[in-house]
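What follows is the residue order along each chain.
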Amino acid sequence: MSQVLDIERCDLEIESNSSSHHTDLNGRERLIVRRGQPFSITLHLKPGSQEFTPGRSSFTLTVETGPLPRKESDTKVCFGLRDSTVDTEWSASATNGPSGNTVSVSISSSPNAPIGVYTLTLDQDGQTTTSLGHFVLLFNAWCSRDAVYMRSERKRQEYVLAQHGLIYRGTQKRISGKPWNFGQFEPGVLDICLKILDDNPKFVSDANEDCSARRNPIYVTRVLSAMINSNDDRGVLVGEWYDYSGGVHPGKWVGSGEILHKWVENGPVRYGQCWVFAAIECTVSRALGIPCRVVTNFGSAHDANANLLIENLYDEDGENISEGDSIWNFHVWVDSWMTRSDLGPGFDGWQASDPTPQEESGGVFCCGPVPLTAIKEGELTKKYDAPFVFAEVNADVVDLVRLSNGEFVKFSESTKSVGCNISTKAVGRDERHDITHQYKYPEGSPEERQVFEKAQHRNKLEQRGEEPGLRLKIKLADNMTVGSDFEVHALLTNNCMAAKTCKLMLFAQAVGYNAKRGEGCGFASDRVELSPGEERRLPLRVKYANYGSVITSDRLIQLTAFTIDKESVEYHNAEKTIVLDEPDLEIKLVGEVKVKQPATVELGLLNPLPEPLRDCSFTIEGVGLTQGQPITLRIETVGPKQEARARVEFTPSSLGPTVLLVNFDSDKLKNIKSFINVDVKD
């Protein structure tokens with residue numbers, strides 16, 4: 001029988017373990033470690049206790065997670081001492097401390113262990129059992145045996161540890177990066193992320209199976225995709241695109257922390273749209289240790305009937321009568337990094353996952369994860385939801401007109417309208433990184449041909465130069481600032497050998513980022529005769545008096561040009577969506593910013609509108625700057641062409657570089673955002 005140690009207490013060595021496991025940003029209140037990597041604890045023996053003697057002293061450690069821990073599910077593991085730990089399974093080794101009354105224990109977790117909250121107990125041959133405490137186990141991008149292992153340290157810093165970033169919005173021609181606080185290490189956020197896993201329906205129906213499956217980042221990512229929206233459960237966010245009464249406009253959010261805290265206190269939070277859903281999933285994924293990035297797809301197809309085509313239907317008067325299919329100006333989701341042992345070789349790396357509720361997958365509103373390799377290569381049988389994501393970035397667009405006899409006639413087709421300038425934040429820089437090449441081959445390349453055949457997608461037209469016929473374009477003004485009047489043109493060129501006579505129309509219409517059309521704000525038409533080779537312009541003056549009251553906070557206007565020659569049954573159209581420039585938001589820190597001392601930031605914004613702004617406010621928020629909560633300062637009405645100014649005080653709580661986000665809001669000019677880098681000194 002081995003000698004029994006009389007243990008007085010256990011020191012979990014939180015400070016040193018947190019540093020070596022890259023969890024020190026979580027704070028020092030409890031032990032948080034990453035799987036597949038050793039951590040150390042110290043056993044303090046009572047005075048007079050026998051010293052630990054290797055070979056004579058022995059004990060067994062037990063780790064347990066979940067409400068029903070079981071050995072067969074790997075949610076309960078018992079393991080004894082070895083000469084040294086191993087990196088493939090739970091193991092431990094121990095040495096006697098220099099003073100003789102301490103024992104240093106090194107514990108290594110399995111790189112395939114379920115993540116979650118664990119209890120740690122010590123058993124000495126059944127004679128005595130000692131509770132040593134609790135710890136949280138996360139995925140480990142630093143461990144080569146972990147499924148989320150990422151080789152590059154710079155990428156680990158960006159995709160696991162970075163707490164703020166940029167989310168890209170706008171249109172493919174006018175891309176704007178909006179700042180966002182992910183705040184995955186803010187107080188309480190990790191507990192909320194673990195609660196999201198515990199609240200998912202799979203945990204409720206079979207807690208043991210769910211906890212065991214949390215070893216797999218594929219499983220966890222799919223759960224998050226379903227739980228970030230609230231369509232099938234009491235998930236985090238309620239999606240809303242039209243009526244924001246009873247909640248917060250999605251454009252007002254500047255960080256994940258406030259949303260997560262509101263959810264844990266009161267249930268589903270109102271409201272979110274795609275970039276908010278994606279930002280929350282990115283926060284939760286990074287908090288749990290899964291490398292994650294937010295991705296924006298410009299010209300994002302929503303293929304409602306799963307035929308890999310977006311069909312735009314028009315009547316003979318040029319009115320869009322489409323239902324179901326649409327092309328969003330942009331759509332935002334996330335990519336998560338992991339291996340895909342379930343799919344065979346070649347599909348490891350970035351996996352697309354989309355928490356915005358669009359279509360059901362397996363009876364639940366979720367999407368992914370699906371390998372980017374599968375999307376690029378047209379491997380649409382690979383899990384999960386490959387056809388839907390493929391269409392988002394690579395669908396063809398077909399324009400059809402419905403004749404008076406009910407027949408549909410195709411008059412144009414585009415292979416380049418969908419999946420443009422796919423964007424994410426660059427590693428280590430506040431710049432846009434174009435990752436379109438990771439999702440698709442260059443348009444028109446031989447590889448693209450093979451992919452479309454493999455995906456059973458209809459053949460595209462062969463690439464060629466200018467074709468005979470009428471060519472219709474829309475030309476924009478150089479300066480299109482919200483509040484101004486500006487002129488756009490429909491440009492029609494006759495490349496035929498004969499003269500052409502047709503009706504030319506140009507529409508301006510408010511539109512949401514999700515392609516929901518609003519009220520019209522401008523129209524011009526003319527009957528034109530064009531000689532061979534002739535070019536004609538149709539001008540349209542777009543006035544603030546017409547668009548100011550109908551545009552959304554996204555400040556988007558859709559322009560549609562349409563030509564009709566009923567004699568030859570020839571139709572042509574062109575569309576462009578413009579995003580009106582927003583005014584600059586000035587941010588200036590007053591003096592040096594020091595920790596735990598009041599600091600002041602001066603804010604300014606010039607009202608570009610020809611009318612007053614009412615209900616104006618500035619809101620600031622920053623990790624380590626505003627105590628995890630936004631600070632809002634309301635100001636008086638700001639007259640036309642007048643400047644809104646404010647001074648806001650905040651008290652930094654932690655040292656080092658961080659980012660201060662600023663949002664301006666009013667009745668007519670909403671959600672103007674900017675940021676400034678802040679270096680908090682001692």
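Keep in mind that this is a model prediction, so the values were computed, not measured.

**Details of the layout of surface pockets**
Then comes step 1: Taken as a whole, the second largest pocket encloses approximately 1200 Å³ of empty space.
Then comes step 2: Looking at the second largest pocket, it is lined by 42 residues, and the ones nearest its centre are Leu 25, Gln 163, Phe 185, Glu 186 and Val 623.
Then comes step 3: Going through the elements one at a time, helix H2 (153-161), helix H3 (189-198), strand S37 (656-665) and strand S38 (672-680) are the ones with two or more residues in the lining of the second largest pocket.
Then comes step 4: Partitioned by chemical class, the residues of the lining of the second largest pocket number 14 nonpolar, 18 polar and 10 charged.

**Comments concerning H3**
Then comes step 1: Of all the 10 residues making up H3, 7 are buried; the element is thus mostly covered by neighbouring parts of the structure.
Then comes step 2: Burial in H3 covers these residues: Val 189, Leu 190, Ile 192, Cys 193, Leu 194, Ile 196 and Leu 197.

**Side note on a positive patch on the surface**
Then comes step 1: On the surface, a cluster of positive charge is contributed by Lys 173, Lys 473, Lys 475, Arg 537 and Lys 576.
Then comes step 2: Its place among the elements puts Lys 473 in strand S25 (residues 470-475).

**Structural notes on H2**
Then comes step 1: For H2, the set of buried residues is Arg 156, Glu 158, Tyr 159, Val 160 and Leu 161.
Then comes step 2: Elements that come into contact with the buried residues of H2 comprise strand S2 (31-34), helix H8 (274-288), strand S14 (292-302), strand S17 (349-353) and strand S23 (420-425).

**Side note on the pattern of salt bridges**
Then comes step 1: Counting across every chain of the model gives 32 salt bridges.
Then comes step 2: As a salt-bridge pair, Arg 214 and Asp 210 come within 2.7 Å of each other at their nearest N and O atoms.
Then comes step 3: By relative accessible area, Arg 214 is classed as buried at 5%.
Then comes step 4: When its relative accessible area of 1% is taken as the criterion, Asp 210 is described as buried.
Then comes step 5: Ionic contacts of the salt-bridge type, sharing partners, join the residues Lys 178, Arg 555 and Glu 582 into one network.

**Regarding the sheet that holds strand S27 (residues 500-511)**
Then comes step 1: In space, the 4 strands of this open sheet follow the order S28-S27-S30-S31, with antiparallel pairing throughout. Whereas interior strands pair on both sides, the edge strands pair on one side only; in this sheet they are strand S28 (517-530) and strand S31 (570-579). Recorded for the sheet is a direction-independent mean angle of 15° between the axes of neighbouring strands.
Then comes step 2: Relative to strand S30 (residues 556-565), S27 is paired through 8 bridges, and the arrangement is antiparallel. For Ala 508, the partnering residue across the bridge sits in S30 and is Leu 559.

**Focus: the state of the cysteines**
Put plainly, a disulfide is one covalent bond tying together the sulfur atoms of two cysteines.
Then comes step 1: Tallied over the entire structure, the rule returns 0 disulfides.
Then comes step 2: There is no disulfide at Cys 274, and the cysteine sulfur nearest it, in Cys 367, is 13 Å away.

**Some words on the pairing of strand S3 (residues 38-45)**
Then comes step 1: When you tally the buried positions in S3, you get 6 out of 8 residues, the bulk of the element.
Then comes step 2: When strand S1 (residues 7-11) meets S3, the two strands line up antiparallel, connected through 4 bridges. What sits directly across from Arg 9, in S3, is His 44.
Then comes step 3: Judged from the 7 bridges that link them, S3 and strand S7 (residues 102-108) form a sheet pairing that is antiparallel. Paired with Phe 39 across the two strands is Ile 107, which belongs to S7.

**Examining the pairing of strand S8 (residues 116-124)**
Then comes step 1: Where strand S4 (residues 60-65) and S8 come together, 6 bridges link them in antiparallel fashion. By the bridge assignment for S8, Thr 60 is matched with Asp 123.
Then comes step 2: Counted between consecutive antiparallel strands, the loop separating S8 from strand S9 (residues 128-138) contains 3 residues, among which Asp 125 sits at a positive phi close to 55°.

**Side note on unusual backbone geometry**
Then comes step 1: Between Arg 270 and Tyr 271 the backbone carries a cis peptide bond, its omega angle lying at 10°.
Then comes step 2: With an omega of 5°, the peptide bond running from Gly 368 to Pro 369 counts as cis.
Then comes step 3: Notably, Glu 13 is not glycine yet its phi reads approximately 50°, a positive angle.
Then comes step 4: The topology assignment puts Glu 13 in the loop between S1 and helix H1 (14-20).
Then comes step 5: For Glu 13, a relative accessible area of 24% corresponds to the partly exposed category.
Then comes step 6: Residue Ala 515 is not a glycine yet carries a positive backbone phi of 80°.

Rules behind the numbers
Residues numbered from 1 in each chain as written. Predicted model: local features only at pLDDT ≥ 70, side-chain atom pairs only at ≥ 80, totals over all residues. Heavy atoms only, no water. 1 Å grid on protein atoms, 1.4 Å probe; cavity = no way out; pocket = protein on both sides within 12 Å on 5 of 7 lines; lining within 4 Å. Points joined across faces, edges and corners; volume = space filled by probe spheres on them. Helix = DSSP H or I, 4+ residues; strand = E, 2+ residues; numbered from the N terminus. Nonpolar A, V, L, I, M, F, W, Y, C, P; charged D, E, K, R; others polar. Buried < 20%, exposed > 50% of the residue type's maximum accessible area, 1.4 Å probe, protein only. Patch = residues over 30% accessible without salt bridge, like charges linked within 9 Å, V, L, I, M, F, W, Y side chains within 5 Å. Areas by Shrake-Rupley, 256 points an atom, 1.4 Å probe, with all protein chains shown as cover. Salt bridge = Lys/Arg side-chain N within 4 Å of Asp/Glu carboxyl O. Lys, Arg positive; Asp, Glu negative; His and termini not counted. Charge placed at Lys NZ, Arg CZ, Asp CG, Glu CD. Contact = heavy atoms within 4.5 Å. Pairing = 2+ DSSP bridges. Axes fitted to C-alpha atoms, helices over the stretch in contact; angles between N-to-C directions. Disulfide = S-S within 2.5 Å.

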